[in-house]
Amino acid sequence: LLLCSDNYASQKNYLQQLILTILQVFHAERSIKAQIQNLISQAEILFEKMLYSHCYKLLQKARKLALDHEYHLCLVEIIEWERKISDAKQDIEEMKKYVEIYSEAAFLQLEKHKNQIEYLKLAFEVFILQKQEGATRNAAASGKAEQIME
């Protein structure tokens, strides 16, 4: 790799992309969310090849990981892919199942994600209060903390 001033920027960009690709592969082995996203990506490839049963199997693996580790938005994406499979197969019974079960499951996962965000917001508010006020030494400061928790 020779560095010339003419194409230095493009070589730098190429090297940066190469490093990011390698780091992404390394990260995928260590991160549950990355594993879920990889399974979904592989399922998408199988879907495009019309290998719906193989696609569904990968989505089931992704679903199990997402349920075990509470990745609610990933579950919503998995549910959407399951719907796409039922649409592609034009299986009326599967479509009915989606309307009845999968849509409720998607809404439930979104509600769970909303709850996580609300708890995180409360945790940040308590953290900020602690950093601003220090340890609660008086009734006024502990009153603020209790007000946040309500």
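Residues numbered from 1 in each chain as written. Predicted model: local features only at pLDDT ≥ 70, side-chain atom pairs only at ≥ 80, totals over all residues. Heavy atoms only, no water.

1. Re the overall build of the protein chain
What the protein chain contains, in helices and strands, is six helices and zero strands. Ordering the α and β elements of the protein chain from the N terminus gives α-α-α-α-α-α. A total of 150 residues make up the protein chain; the buried ones form 23% of that total. Accessible surface computed for the protein chain: about 11300 Å², of which carbon and sulfur atoms make up 58%. (Helix = DSSP H or I, 4+ residues; strand = E, 2+ residues; numbered from the N terminus. Buried < 20%, exposed > 50% of the residue type's maximum accessible area, 1.4 Å probe, protein only. Areas by Shrake-Rupley, 256 points an atom, 1.4 Å probe, with all protein chains shown as cover.)

2. A short note on the packing of aromatic side chains
In total, this model carries two aromatic pairs according to the counting rule given. For the ring pair Phe-47 and Trp-81, a centre distance of 5.3 Å and an interplane angle of 70° mean the geometry is edge-to-face. Placement of Phe-47 in helix α2 (residues 32-48) and of Trp-81 in helix α4 (residues 72-89) is noted, with a sequence separation of 34 residues between them. Given the relative accessible area of 18%, Phe-47 is considered buried. Looking at Lys-84, its charged tip hangs above the ring of Trp-81, at a distance of 4.1 Å from the centre. (Phe/Tyr/Trp six-rings, centres within 6.5 Å; stacked < 30°, edge-to-face > 60°. Lys NZ or Arg CZ within 6 Å of the ring centre and 35° of its normal.)

3. Considering the packing of α2 against α4
Angle between the axes and distance between the axes: these two values describe a pair of packed helices. Look at α2 against α4: their axes get within 11 Å of each other, and the N-to-C directions meet at 10°. Taken as axis vectors, α2 and α4 run roughly parallel relative to one another. Note that α2 runs across α4; the crossing there is left-handed. Taking contact as the criterion, the partners of Lys-33, Ile-36, Gln-37, Ile-40, Glu-44 and Phe-47 in α2 are, on α4, Cys-74, Glu-77, Ile-78, Trp-81, Lys-84, Ile-85 and Ala-88. Each residue belonging to the contact of α2 with α4 can be placed in one class, and the counts come to eight nonpolar, one polar and four charged. (Axes fitted to C-alpha atoms, helices over the stretch in contact; angles between N-to-C directions. Parallel < 35°, antiparallel > 145°, perpendicular 65-115°, else oblique. Left-handed = near helix turned anticlockwise from the far one by under 90°. Contact = heavy atoms within 4.5 Å. Nonpolar A, V, L, I, M, F, W, Y, C, P; charged D, E, K, R; others polar.)

4. Observations concerning the pattern of salt bridges
Counting across every chain of the model gives five salt bridges. In this structure, the salt-bridge partner of Asp-68 is Lys-64, at a minimum N-O distance of 2.9 Å. One end of the pair is Asp-68 and the other is Lys-64, both in helix α3 (residues 52-69) and four residues apart, which spans about a single turn. Exposure remark for Asp-68: the relative accessible area of 49% places this residue in the partly exposed category. Its relative accessible area of 53% is what places Lys-64 among the exposed residues. (Salt bridge = Lys/Arg side-chain N within 4 Å of Asp/Glu carboxyl O.)

5. Notes on the nonpolar core
Ile-36, Cys-55, Leu-59 and Ile-78 are the most contacted members of the largest nonpolar core, which has 18 residues in total. If you list the elements that add at least two residues to this core, you get α2, α3 and α4. Top contributing element to this core by residue count: α3, with seven residues. Those residues in contact with Leu-59 that sit more than four places away from it in its chain are Ala-43, Ile-78, Trp-81, Glu-82 and Ile-85. (Core = buried A, V, L, I, M, F, W, Y, C linked by side-chain atoms within 4.5 Å.)

6. Some remarks on the confidence of the model for the protein chain
Mean pLDDT over the protein chain stands at 83; residues scoring 70 or higher make up 85%. At the level of individual helices and strands, the protein chain shows its lowest average pLDDT in helix α6 (residues 139-149), which scores 63, and its highest in α3, which scores 95. (pLDDT = per-residue confidence, 0-100.)

7. Notes on the environment of Val-76
Secondary-structure assignment places Val-76 in helix α4. Separated by 32 residues in the primary sequence, Val-76 and Leu-108 place their C-alpha atoms 9.2 Å from one another. The contacts of Val-76, once residues within four sequence positions are left out, are Ala-106, Gln-109 and Leu-110.

8. So, α2
Because an α-helix completes one turn every 3.6 residues, residues spaced three or four positions apart along the sequence face the same direction. Taking 1.5 Å per residue, 17 residues should reach 24 Å; α2 reaches 25 Å between its end C-alpha atoms and fits that length. Looking at α2, one finds that the buried residues are Ala-34, Ile-36, Leu-39, Ile-40, Ala-43, Leu-46 and Phe-47. At the N-terminal boundary of α2, the capping side chain belongs to Ser-31, with an oxygen 3.4 Å from the backbone nitrogen of Lys-33. Note on α2: the residue one or two positions beyond its end, Met-50, has a positive phi of about 60°. (Expected span 1.5 Å × (residues − 1). Polar contact = N/O pair within 3.5 Å; in protein donor to acceptor, adjacent residues only side chain to side chain.)

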